[in-house]
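# Structure assessment
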Amino acid sequence: MDTNRFKSSHDFSNIQKNLHNNPGYHAESYSQQVKDYMNDMKNKNQEATKQGFMAHAQKSAKEVWEEIQEMASEAWDKNQNEPQ
């Protein structure tokens, strides 16, 4: 029986569990992302700025949100078509 529930990693009610199940959301990961961004800008002979990094992080968050919306929409559509 397929219940189409979100994965436990998408349980919006438990932030700590989400952080545990998604290690990419830890501060250490963002610290590495900052280092990677700074190295990337250095390789391109461009100035690394906080504003530039925040724009990069915002884009990443937007992509994750779009994925969540797509999964939620598919689950909704599938459950709408199944008899209760």
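Quantities reported herein were computed from a predicted structural model and do not represent experimental measurements.

### Some thoughts on the overall build of the chain
Along its length, the chain carries 3 helices and 0 strands. The order of α-helices and β-strands along the chain, N terminus first, is α-α-α. Counting every position in the chain, which comprises 84 residues, the buried fraction comes to 11%. Put simply, of all contacts in the chain between residues at least 6 apart along the chain, 27% involve residues at least 24 apart. With an accessible surface of roughly 7400 Å², the chain has 51% of that area assigned to carbon and sulfur atoms.

### Looking at unusual backbone geometry
Its identity as a non-glycine residue notwithstanding, Asn45 has a phi of 55°, on the positive side. Locating Asn45 in the fold gives a position in the loop between helix 2 (27-43) and helix 3 (50-80). Of the residues examined, Asn45 reaches a relative accessible area of 73% and is grouped as exposed.

### Topic: the pattern of salt bridges
On inspection of all chains with the given rule, the structure shows 1 salt bridge. For Asp40, the salt bridge goes to Lys44, with nearest N and O atoms at 3.4 Å.

### Quick word on a negative patch on the surface
Together, Glu63, Glu66, Glu67, Glu70, Glu74 and Asp77 line one region of the surface with negative charge. Note on placement: Glu74 falls in helix 3. When its relative accessible area of 48% is taken as the criterion, Glu74 is described as partly exposed.

### Re helix 3
The terminal C-alpha atoms of helix 3 lie 44 Å apart, and with 31 residues this matches the ideal 45 Å at 1.5 Å per residue to within 8%. Every buried residue belonging to helix 3 is among Phe53, Ala57, Ile68 and Ala75, and all of these are buried.

Analysis parameters
Residues numbered from 1 in each chain as written. Predicted model: local features only at pLDDT ≥ 70, side-chain atom pairs only at ≥ 80, totals over all residues. Heavy atoms only, no water. Helix = DSSP H or I, 4+ residues; strand = E, 2+ residues; numbered from the N terminus. Buried < 20%, exposed > 50% of the residue type's maximum accessible area, 1.4 Å probe, protein only. Contact = heavy atoms within 4.5 Å. Areas by Shrake-Rupley, 256 points an atom, 1.4 Å probe, with all protein chains shown as cover. Salt bridge = Lys/Arg side-chain N within 4 Å of Asp/Glu carboxyl O. Patch = residues over 30% accessible without salt bridge, like charges linked within 9 Å, V, L, I, M, F, W, Y side chains within 5 Å. Lys, Arg positive; Asp, Glu negative; His and termini not counted. Charge placed at Lys NZ, Arg CZ, Asp CG, Glu CD. Expected span 1.5 Å × (residues − 1).

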